[in-house]
Structures are given as structure tokens and as C-alpha cells.
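Chain by chain, the residues:
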Amino acid sequence: MSERLMNGLNTLTDQTGKRTIDTTRKLRVGIIGCGWIAEIHLAAYLAQPDVELVAGADLIPGKAAALFAQHGITNAKTDYASHRDMLDDQSLRLDAVSICTYNCQHAEPAIYALNHGIHVLLEKPFTVTLDEAIAVIKAERASGKLLSIGFQPRLDENMKMSKKIVQSGVLGKVYYIQTGGGRRRGIPTPYGSSFIEAETAGIGALGDIGCYSLDMVLNALDYPKPLTVSGYKSSFFGTSPDYSGYAPDKRSDYATRFGVDDFAAAFIRLEGDLILDFRIAWAMNLDTPGDTILLGTKGGLRIPSTECWNGTVGGPMKLYHEVCGEQVETQLPILETDGDLFTLKIRTFLDACKNGTSAPVPSSQILYNQAIIDGIARSAASGHEVDIVIPEI
């Protein structure tokens, strides 16, 4: 076989038809936590020609084996009692892992994997507390390995455009931001109670979809440092046995189990004399708490909210500005993203692992995101504004 033909067989074009993937070196990947989000990770990895899925671990016996078998993967090891057992198994020769565990179990597996010299793709939210996020970043820096956080909405072309608009200077100095979103009835219980119990989730809507909303605007502004926050949380819907979003036969059980927030709001001061007005909901008696708005000295940007955080915008963005002294509005067309966002999240992570480039969603940015979430929770518990103190790492 000619060398030219062989080289052709060792490169494949991905689903977008634009990226050539080198298949001469395959990455050996494991999955930690094998619930429903892990299934999406697994399917995305299977679509990549340069990945070998070699292991899975879950605290529930047989759960990892069932997930892998469901997708026709028969040669992976899945009989581990914990993530530690899997990561300690040197025969796997793991290059990377996806961590898809409960929120409260994000930090420990991430630290253990990084300490073992393994790249990590960590599902959102980063962690539950700021202290946990700091501990993970310390392990990342000591290991020299890659840590990327699962914020796929920023890969959407419309999200990228919102950042381009802000960075272009057309808004002038941005001084006020309103962001958030949520669902009228959308407490995530179709997958059981892990999202709503304090012992497993730690935080509710605030961490589940609030982190996405924060990332949308903070990323556009190059992540200014948060300084103070006055926060509020409630759980009026989740703790009610009359909540219509629960399955009828589960209402009493889920209302009793509910131990996190279903609504959160905050007023956050950011470095650079910026104000961030934030609200997020799993359930509310309204279709939306409002669009995302960025006000600047030269212009304003409105980003329509979505019914449920789906990774893109809820309609065409609108730019408010002046041309020759006249007030005008420019509506931006919806941009199509070339490829599924989840697959893009996996692909960009793999490319960074193979090429030694920066993490697609670096922990240094999401640290500020987590600091805000942590601050909202602390402020809500104390009933007053709190300082956000982020130590040097």
C-alpha cells in the first residue's frame, strides 16, 4: 500500500466536514459516573475516530456495564467499585476521563484523576463551593494536565457573536448587565432525585443552569473579577407536594427530598465598575424573568431568553446604537452552528489533549463563575451582602 494512501487512511474528516482528525494516535478515555449525562458523553466519544472508550465506573454496581453494553461496547472494563479503583488501574493506560458524577462528587474524582496524570473534562457546574474549585485547580496546576469545564453553550456561533460585539467596542464601556433565564415548570426530576437532594446536588437551578447564564455574559467581558454579591435563594415550588411538574405518584416524595434552590437572584459588583443583575429559575409563574441585556455608553445589546437553557439564544439579538446622531436598531440574524454543541465540546477537549493547547473552557475563568455561585449561596444564607474573596493559587 502506498505511503500516500496509508496517510489518507490515517486521517478522517469529522462531522462538520472541515476538521481533519489524525487517527494514528487514539486517546484512551474513561467515564466516571454513568447516569444520563454520561450517556451523551459516551455517544459523542463514539462518534470520534481517534478515541477508544476503555473503562467506566459508577457507585451503583452494574450501572457502568449496562451503559456501555447499551452502546455495544463490549471490550471496556466496567467492574470498578469506585472512580479510585478505575484510576488506580494502570493497565488501562488512560489519557483522559469525563467526570459525569453528582455535583457534590465533582471535585474529588477530578483531583484524583489529575493527580494520576490524566486529562479531565469535568461536567458543569465546576463544583459546589469555591473551596472545592480552588482545590481542583491546585491539582490541575501541579499535574500539568488539561482540565476543561463542560460549558458547551459558549461554542454556539450566536454566543461567539455576542462576545465579538462586546469586544469590538461598539457598546462602549459596559456598565450594567442583566442576565438569567429559566423555566416555568422545569425542575429536573425525570432522571430521579439526584438533581434535587442536598446530599447529591448541593445546589439547584443556581448551579445547573445559572452557571451557563453567568458564563454567557462574563465570557463576553473576558471574565471581570467579582467583588461583592447580595444573593437570594428560594424553594417554594420544589418543596410543595402540589407542584404540577412532578409525576403525580412522586409529588409527596420529591417535595420531601427537595433540598436545593429552584430560584435564585443576585446583585453582583464586578471589577471595572460593572453591575450584574442576575436571576435564574427551575420553576416560576412567568414565562421568563427577562432577556439578557448589556448596557454600554455607546450602545446596548439585547439577547432574547430561551424557554429552557438549550445552549443558544432565544431569537435574533438586537443592537441599539446611534448612527450620525440618529437612534437605530440593528437586528442580527440567527447564526447556524456547524455541528452538535455536545459533540463540539468533546471534540475541542480531545484536540486540546492531543495538541497540548489550552483548555477550551479554562478553569481559571470558571473559578470566577463558581465564586459568584458560592457568594450567592453564602449571601442568601446570611441574609446580607458578602465579599467575594478569591485567593491567589
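A short tour of the structure in this document, coming up.

Rules used throughout
Residues numbered from 1 in each chain as written. Predicted model: local features only at pLDDT ≥ 70, side-chain atom pairs only at ≥ 80, totals over all residues. Heavy atoms only, no water. Pairing = 2+ DSSP bridges. Helix = DSSP H or I, 4+ residues; strand = E, 2+ residues; numbered from the N terminus. Contact = heavy atoms within 4.5 Å. Axes fitted to C-alpha atoms, helices over the stretch in contact; angles between N-to-C directions. 1 Å grid on protein atoms, 1.4 Å probe; cavity = no way out; pocket = protein on both sides within 12 Å on 5 of 7 lines; lining within 4 Å. Points joined across faces, edges and corners; volume = space filled by probe spheres on them. Nonpolar A, V, L, I, M, F, W, Y, C, P; charged D, E, K, R; others polar. Expected span 1.5 Å × (residues − 1). Buried < 20%, exposed > 50% of the residue type's maximum accessible area, 1.4 Å probe, protein only. Patch = residues over 30% accessible without salt bridge, like charges linked within 9 Å, V, L, I, M, F, W, Y side chains within 5 Å. Areas by Shrake-Rupley, 256 points an atom, 1.4 Å probe, with all protein chains shown as cover. Salt bridge = Lys/Arg side-chain N within 4 Å of Asp/Glu carboxyl O. Polar contact = N/O pair within 3.5 Å; in protein donor to acceptor, adjacent residues only side chain to side chain.

**Quick notes on the sheet that holds strand β13 (residues 292–296)**
Link 1 in the chain: As summarised here, the arrangement of the nine strands in space is β16-β15-β14-β13-β9-β12-β11-β10-β17, forming an open sheet in which the pairing is mixed. At either end of the open sheet lies a strand with only one pairing partner, and these are β16 (326–331) and β17 (386–387).
Link 2 in the chain: Docked against the sheet, helix α9 (residues 210–220) engages β9 (174–182), β11 (263–270), β12 (274–281), β13 and β14 (299–303), running at close to 155 degrees with respect to β12.
Link 3 in the chain: Lying over the sheet, helix α12 (residues 363–382) contacts β10 (226–234), β11, β12 and β17, oriented at roughly 55 degrees with respect to β10.

**So, the layout of surface pockets**
Link 1 in the chain: Of the voids in this model, the largest pocket is the one considered here, and its volume is about 980 Å³.
Link 2 in the chain: The set of elements that each furnish at least two residues to the lining of the largest pocket consists of α2 (36–46) and α11 (341–355).
Link 3 in the chain: For the lining of the largest pocket, the class distribution of residues is 23 nonpolar, twelve polar and eight charged.

**Points about α12**
Link 1 in the chain: Over its 20 residues, α12 extends 28 Å from the first C-alpha to the last, a length consistent with the 28 Å expected when each residue adds 1.5 Å.
Link 2 in the chain: Restricting attention to buried positions, one finds in α12 the residues Ser363, Ile366, Leu367, Asn369, Gln370, Ala371, Ile372, Ile373, Asp374, Gly375, Ile376 and Ser379.
Link 3 in the chain: Positioned one or two residues after α12, Gly383 has a phi angle of 80 degrees, which is positive.

**Quick look at a nonpolar patch on the surface**
Link 1 in the chain: On the surface, a nonpolar cluster with roughly 280 Å² of combined accessible area is contributed by Trp36, Ile40 and Tyr191.
Link 2 in the chain: For Tyr191, a relative accessible area of 48% translates into the label partly exposed.

**Description of the environment of Trp309**
Link 1 in the chain: Summarising the element assignment, Trp309 is placed in the loop between β14 and β15 (318–323).
Link 2 in the chain: Classification of Trp309 by relative accessible area gives buried; the value is 11%.
Link 3 in the chain: Sequence separation of Trp309 and Gly181 is 128 residues, and the distance between their C-alpha atoms is 7.5 Å.
Link 4 in the chain: With sequence-adjacent residues up to four places away left out, Trp309 is seen in contact with Pro153, Met159, Gly180, Ile209, Tyr212, Ser213, Met216 and Ile280.

**Some details on the environment of Glu307**
Link 1 in the chain: Relative to the elements of secondary structure, Glu307 occurs in the loop between β14 and β15.
Link 2 in the chain: Each C-alpha atom of the pair Glu307 and Asp287 lies 7.2 Å from the other, and the pair is 20 residues apart in sequence.

**Structural notes on the side chain of Gln370**
Link 1 in the chain: As for its position among the elements, Gln370 is in helix α12.
Link 2 in the chain: The contact partners of Gln370, leaving out residues within four places of it in the chain, are Pro125, Phe126, Thr127, Val128, Thr129, Leu130 and Ala133.

**Here's the deal with helix α6 (residues 130–143)**
Link 1 in the chain: Taking 1.5 Å as the rise per residue, α6 with 14 residues should run 20 Å; its terminal C-alpha atoms sit 20 Å apart, in good agreement.
Link 2 in the chain: Turning to α6, the residues buried within the fold contact α5 (107–115), β8 (147–150) and α12.
Link 3 in the chain: Near the N-terminus of α6, the side chain that reaches the backbone nitrogen of Glu132, with its oxygen 3.1 Å away, is that of Thr129.
Link 4 in the chain: At the C-terminal side of α6, Gly144 shows a positive phi close to 75 degrees.

**Thoughts on unusual backbone geometry**
Link 1 in the chain: Cis peptide bonds are those with omega within 30 degrees of zero, and the linkage from Lys124 to Pro125 qualifies with -10 degrees.
Link 2 in the chain: Among the structural elements, Pro125 can be located in the loop between β7 (119–123) and α6.
Link 3 in the chain: Positive phi, normally seen in glycine, also occurs at Tyr223, with a value near 50 degrees.
Link 4 in the chain: The backbone of Cys324 sits at a positive phi, close to 55 degrees, despite the residue not being glycine.
Link 5 in the chain: Mapped onto the elements, Cys324 comes out in the loop between β15 and β16.

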